[in-house]
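Residue strings, one per chain:
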Protein chains: 2
Amino acid sequence: MTGTTLDDYTDRYARRVRGMTASEIRALFAVASRPEVVSLAGGAPYIAALPLDAVGEMLGRLGSEHGVTTLQYGIGQGTLELRERICEVMALSGIDASCGASPEDVVVTVGGQQALDLVARLFLDPGDVVLAEGPTYVGALGVFQAAQAQVVHVPMDEQGLIPEALEAAIADLARAGRRVKFLYTIPTYQNPTGVTLSEERRERVLDICERAGLLVVEDDPYGQLGFEEEAPAPLRARRRDGVFYLSTFSKTFAPGLRVGWILAPHAVRDKLVIASEAQILCPSGYAQAAVATYLGTMPWREQLKVYREIYRERRDAMLGALADLMPAGTTWTTPGGGLFVWATLPDGLDAKAMMPRAIAARVAYVPGTGFYADGTGVGNMRLNFSFPPPERIREGVRRLAGVMGQEIAMRKVFGAVGGSGPRRRQGASDAPGPDLA
Amino acid sequence: MTGTTLDDYTDRYARRVRGMTASEIRALFAVASRPEVVSLAGGAPYIAALPLDAVGEMLGRLGSEHGVTTLQYGIGQGTLELRERICEVMALSGIDASCGASPEDVVVTVGGQQALDLVARLFLDPGDVVLAEGPTYVGALGVFQAAQAQVVHVPMDEQGLIPEALEAAIADLARAGRRVKFLYTIPTYQNPTGVTLSEERRERVLDICERAGLLVVEDDPYGQLGFEEEAPAPLRARRRDGVFYLSTFSKTFAPGLRVGWILAPHAVRDKLVIASEAQILCPSGYAQAAVATYLGTMPWREQLKVYREIYRERRDAMLGALADLMPAGTTWTTPGGGLFVWATLPDGLDAKAMMPRAIAARVAYVPGTGFYADGTGVGNMRLNFSFPPPERIREGVRRLAGVMGQEIAMRKVFGAVGGSGPRRRQGASDAPGPDLA
């Protein structure tokens, strides 16, 4: 059995999952994580804002006093205790018993990623179409590609997904005889744009999907991280049927515990559990106890406010630095919450081609092509503001603006330089690796 | 979107994964976990034997002193620290640098189950054949069925997998034009039989697979839980290429942390990492730190001895009780390690049909059909001895013997009773749910 034979078996799979090799991904993140580099590339929460002494004490007791349970096997669906706490968290966003939310229909997952993967496993057959915002979460693209489904992007504007474009896409695909399985959407403080689907559009999007008999997979990791007013209620709070609601504690508590969940339509709850059991047997009893105890005994609502305040300050630092420093022709979104700003470069600049020079200037970001399945996004980049402190954000934007200024100057003198030629469509193989968010 | 439509979408999937519904599975385990029932059905380690105070203290420090790292996102492959410790654990079984084992080629997984699922995702296409011992781990059957692969069982005897039967199966499948992807084997203290592949047969099985160009997936959760002498070296210790080695800390430390691993051929290591990232993004940083710190600072080799001693005593209790109490015609294996005894009932008894009466008599086990993909195993049951203390084991066997005695008496008087008729082939839909092991 040679390496060549193994490659032969598995290349098909690797191509299906990502265009980029894992070693390229590792190389990018290894570089971005060097201390001298200001990384605006990640999607990590600012864990240092947690009361780590108290959290540590709680974690210790879960081992010493409750280890016989927490360190043992559990059930595939997740503990009832945690599922009840999850319902309290969802109730804060308006998803409560009045719209049929119940611990019975919650399935605990290994972060939001497994939630997505389970939905894909349950619903997607090769050749199916998934509708998704353009741009969308890179990790969702990986899941849909692994399922051999095709992602068709629906354009957004500053109010989120454009309902007319959604209708048009559904009609086009119906005419083409394609089987569309669901709309995947991150309606609130979206990754990567930070944009929120407006109140009025939420109803229209739901109506359109209902009329088309289309399921909605609502991914909501950021909904409780709004900076000013409350976000519009989640789609699941508006419809009892037809919406899968996915979320995670990775942004509001701790990604290192890997705890997320699905609130599923009752009819498929059992099937999700069976699929999860085949994949991981059961979620970590210890991690579940950690989250449930955190929610049950520590001031998690106050901690949400702490996160919001920190991220609001950092968003402001980023928006201010962008306004002060970016070359003319650059535009960006103004997120009302979440972790990300989405920037559009002056015409002609290629964010992917510019990466090596940005890294040389000690700043990192994720090029926009990573958030599209179809090579769009050449002139875009995602900038994270949740992890670096304000002064580092400003320094990062300063370095980035410097690199962009040089690119623009070079283009004026020599025309296209170093691959950053006229905006062109790139294949999915140019996509960057999964960001850690 | 109605429940019927959801069912329509997903029934295909559910049928693919398990014949039994999740609610039936939950019902079985809910019953088996009632305190008055002696459960010989599980596969749980005896966590109470861990030094829980010290473990708790360690877990607390990982939060309070290292939370900024342990509670954050990590990389898909798993931390280098843990992968180095895993190599120390494998070295104890003879898998070391001399046979090419390296932290570079270890991929950390969410328990052994995700390790299996990743290998299946990478290699299996619908219609492929997987060779496996008959009987084999029920959770592996679930994974292979989810991948729409067909499991062909290779018979075992008290020396493990029968090499001649393996050769014959490969030849038959080749003649039938079937594509066999790999041999899945648990060579040491197998689940569910407790049987170990003999020293001499290990080389023969490897040679046969090598000649056939067949990969070997070696699942080794129990290899370090031998009761008398050391187990024969794992297959991976004998071959540098062509063997995937899978293991877990679920039996030797704590299943509630969900940490397992794959030692992969170098050529596919990256692809496994990419597949895992699409599935779970990254394994829990906290759980990885817990296992790495346990291995790095606590006497884990001594703890292995503690487990071995407890399980040896319990195995002896079970073998003694079986010899004293079982009706004539019952036979069983004599495991040299691990967690399970495999019993064969007197002719005519049906372990699945007998379950309700056993539960009524307050004893639970897993019927043998669960460990076959083809309905074999009607007259078998798996009995666990790792979790219940010796006196409970004896009481459980006493109750079980009582139920069997009644079945035999009824059969003598009335012929077949309550479905326990003459041994018949049953469809896979009669298989019990996944055991928690």
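Worth saying up front: this structure is predicted, and the values here are computed from it rather than measured.

## A few points about the sheet that holds strand β11 (residues 340-344) of chain A
Residue and element names in this part refer to chain A. Spatial ordering of the open sheet is given by β10-β11-β14-β13, a layout of 4 strands whose pairing is antiparallel. Unpaired on one side and paired on the other, β10 (331-332) and β13 (366-367) mark the two borders of the sheet. When β13 meets strand β14 (residues 380-384), the two strands line up antiparallel, connected through 2 bridges. When the bridges of β14 are listed, proline 367 appears paired with methionine 381.

## With respect to the confidence of the model for chain A
Residues and elements named next belong to chain A. A residue-level look at chain A finds 88% of positions with pLDDT of 70 or above and a mean pLDDT of 90. In the model, residues 1-22 has pLDDT below 50 throughout and makes 59 contacts with residues more than four positions away in sequence or in other chains. Note that residues 417-437 has pLDDT below 50 and, in this model, 84 contacts with residues that lie over four places away or in other chains. Across the assembled chains, the prediction reports ipTM 0.90 with pTM 0.91.

## Observations regarding the packing of helix α8 (residues 163-175) of chain A against helix α9 (residues 199-212) of chain A
Each pair of packed helices can be summarised by the angle the axes make with each other and by the distance between the axes. All names here are of chain A. For the pair α8 and α9, interaxial distance at closest approach is 10 Å and the crossing angle is 10°. By the criterion of interaxial angle, the relationship of α8 to α9 is roughly parallel. Each of Pro163, Glu164, Leu166, Glu167 and Ile170 in α8 lies in contact with α9, whose residues at this interface are Arg201, Arg204, Val205, Ile208, Cys209, Arg211 and Ala212. Classifying every residue of the contact of α8 with α9 gives 7 nonpolar, no polar and 5 charged.

## A short note on the pairing of strand β6 (residues 180-185) of chain B
All names here are of chain B. With respect to burial, β6 is a largely interior element, 6 of its 6 residues being buried. With 4 bridges connecting them, β6 and strand β7 (residues 215-219) associate as parallel partners. Within the sheet, the bridge partner assigned to tyrosine 184 lies in β7 and is valine 217. As a crossover connection, the stretch from β6 through helix α9 (residues 199-212) into β7 is right-handed.

## Looking at unusual backbone geometry
With omega at 15°, the peptide bond leading from asparagine 191 of chain A into proline 192 of chain A counts as cis. Locating proline 192 of chain A in the fold gives a position in the loop between β6 (180-185) and α9. Following glycine 134 of chain B, the chain continues to proline 135 of chain B via a peptide bond in cis, the omega torsion being 5°. When you line up the elements, proline 135 of chain B lands in the loop between β3 (129-134) and α7 (138-146). One non-glycine residue, tyrosine 189 of chain A, lies in the positive phi region at around 50°. Within the element layout of this structure, tyrosine 189 of chain A appears in the loop between β6 and α9. In the Ramachandran plot, arginine 362 of chain B falls in the positive-phi region, its phi being about 65° despite a non-glycine side chain. As for its placement among the helices and strands, arginine 362 of chain B is situated in the loop between α13 (351-360) and β12 (363-364). The class of arginine 362 of chain B is partly exposed, set by a relative accessible area of 38%.

## Here we look at the domain arrangement of chain A
All names here are of chain A. Assigned domains within chain A: domain 1 (17-50 + 302-413) and domain 2 (66-297). Computed from C-alpha atoms alone, the centre-to-centre distance between domain 1 and domain 2 is 26 Å. Summing both sides of the interface, domain 1 and domain 2 together bury roughly 2600 Å²; the carbon and sulfur share of this comes to 63%. Viewed at the interface, domain 2 and domain 1 are joined by 1 salt bridge. Of the charged contacts in the structure, one is a salt bridge between glutamate 228 and arginine 315, with a shortest N-O distance of 2.8 Å. Taken together, domain 1 and domain 2 are joined by 10 residue pairs in polar contact (both at pLDDT 80 or more). Listing elements by their share of the side of domain 1 that touches domain 2, those giving two or more residues are α12 (300-325) and β11. A per-element tally of the side of domain 1 that touches domain 2 places α12 first, with 7 residues. Looking at side-chain class alone, the side of domain 1 that touches domain 2 contains 16 nonpolar, 7 polar and 6 charged residues.

## Some remarks on the packing of aromatic side chains
Within the structure shown, the criterion is met by 23 aromatic pairs over all chains. On the basis of an interplanar angle of 55° and a centroid distance of 6.4 Å, the ring pair of tryptophan 342 of chain B and tyrosine 372 of chain B is categorised as tilted. Of the two residues, tryptophan 342 of chain B is situated in strand β11 (residues 340-344) and tyrosine 372 of chain B in the loop between β13 (366-367) and β14 (380-384); the sequence distance between them amounts to 30 residues. Feature note: the residues Phe144, Phe182 and Tyr184 of chain A constitute an aromatic cluster, connected by ring pairs.

## Some points on the sheet that holds strand β10 (residues 331-332) of chain B
Residues and elements named next belong to chain B. The 4 strands lie next to each other as β10-β11-β14-β13, forming an open sheet whose pairing is antiparallel. The outermost strands of the open sheet, each flanked by one partner alone, are β10 and β13. Examined bridge by bridge, β10 and β11 share 2 bridges and lie antiparallel to one another. Counted as the bridge partner of tryptophan 332 is alanine 343 from β11.

Rules behind the numbers
Residues numbered from 1 in each chain as written. Chains lettered and ligands numbered in written order. Predicted model: local features only at pLDDT ≥ 70, side-chain atom pairs only at ≥ 80, totals over all residues. Heavy atoms only, no water. Pairing = 2+ DSSP bridges. Helix = DSSP H or I, 4+ residues; strand = E, 2+ residues; numbered from the N terminus. pLDDT = per-residue confidence, 0-100. Contact = heavy atoms within 4.5 Å. Axes fitted to C-alpha atoms, helices over the stretch in contact; angles between N-to-C directions. Parallel < 35°, antiparallel > 145°, perpendicular 65-115°, else oblique. Nonpolar A, V, L, I, M, F, W, Y, C, P; charged D, E, K, R; others polar. Buried < 20%, exposed > 50% of the residue type's maximum accessible area, 1.4 Å probe, protein only. Right-handed = clockwise from strand over helix to strand, strands pointing away. Domains from an automatic or database assignment. Buried area = accessible area lost by both parts, 1.4 Å probe. Salt bridge = Lys/Arg side-chain N within 4 Å of Asp/Glu carboxyl O. Polar contact = N/O pair within 3.5 Å; in protein donor to acceptor, adjacent residues only side chain to side chain. Phe/Tyr/Trp six-rings, centres within 6.5 Å; stacked < 30°, edge-to-face > 60°.

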